[in-house]
Every structure is written in structure tokens, then in C-alpha cells.
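# Commentary on secondary and tertiary structure
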Amino acid sequence: MPGRHLSEPYLAAQLAARGLYARQARNTALAAFASDLPAPVMADLLGMRINTAVTWGQTVKRDWYSFVAAKI
């Protein structure tokens, strides 16, 4: 209805009916962030705990040794 907010379950069901799954999209976006950003930057930017950002970095198998070596 116009002027009314959509509930999260309703919106998720509407997206799923069209083949769009919010959880998969969210995880894909977080994996992309984790592969491009160091964990502290990702945690600060997205407002998540550092342990969560580190876990995402480990999930995508990203290491920052070359980044640290380039900065020295």
C-alpha cells in the first residue's frame, strides 16, 4: 500500500519470488569488501566488530603481507 512501510519478511519474500536473495547478495558484498580492504578498515567502515571483519578476510583467503611489505 502506498505510504506504508514494507516489513522485512514481506520484502524478502517479494525479492525471492523474483529470484533475488538478500542473504546471498549481502554475503557477496561482504566478501568483495573483505578482498579489497584490510580488516580494520572494513570493520570501521561498516560498523562491524574487528573479529567479524577478520573472519571475512580469512573466508576469502585474503592476506595483507604484500600490502605490509609495500608500506615498509
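Quantities reported herein were computed from a predicted structural model and do not represent experimental measurements. (Residues numbered from 1 in each chain as written. Predicted model: local features only at pLDDT ≥ 70, side-chain atom pairs only at ≥ 80, totals over all residues. Heavy atoms only, no water.)

## A word on helix α3 (residues 39–46)
Every buried residue of α3 is listed here: Ala 39, Met 42 and Ala 43. When α3 is viewed along its axis, its buried side chains cluster within an angular range of 100° and face the same direction. Those residues of α3 that are exposed and angled more than 90 degrees off the buried face are Pro 40, Asp 44 and Leu 45. On its buried face, α3 is in contact with α2 (22–36) and α4 (50–59). In the stretch just after α3, Gly 47 is the one whose phi turns positive, near 70°. (Buried < 20%, exposed > 50% of the residue type's maximum accessible area, 1.4 Å probe, protein only. Helix = DSSP H or I, 4+ residues; strand = E, 2+ residues; numbered from the N terminus. Arc of directions from axis to C-beta. Contact = heavy atoms within 4.5 Å.)

## Quick notes on the packing of α2 against α3
Look at α2 against α3: their axes get within 8 Å of each other, and the N-to-C directions meet at 135°. One way to sum up the angle between α2 and α3 is to call them oblique. Along this stretch, α2 crosses α3, giving a crossing that reads as right-handed. Note on element contacts: α3 touches α2 through Met 42, Leu 45 and Leu 46, opposite Leu 30, Phe 33 and Ala 34. (Axes fitted to C-alpha atoms, helices over the stretch in contact; angles between N-to-C directions. Parallel < 35°, antiparallel > 145°, perpendicular 65-115°, else oblique. Left-handed = near helix turned anticlockwise from the far one by under 90°.)

## Observations regarding the confidence of the model for the protein chain
The predicted model of the protein chain averages 87 in pLDDT, with 88% of residues at 70 or higher. The weakest mean pLDDT in the protein chain belongs to helix α5 (residues 65–71) at 66; the strongest belongs to α3 at 94. (pLDDT = per-residue confidence, 0-100.)

## Considerations on the nonpolar core
In this structure, Leu 30, Ala 34, Ala 39, Met 42, Ala 43, Met 48, Ala 53 and Trp 56 together form the largest nonpolar core, which totals 8 residues. Looking at this core, the elements with two or more residues in it are α2, α3 and α4. The element best represented in this core is α3, accounting for 3 residues. When near neighbours in sequence (up to four residues on either side) are disregarded, Leu 30 contacts Met 42, Leu 46, Met 48 and Trp 56. (Core = buried A, V, L, I, M, F, W, Y, C linked by side-chain atoms within 4.5 Å.)

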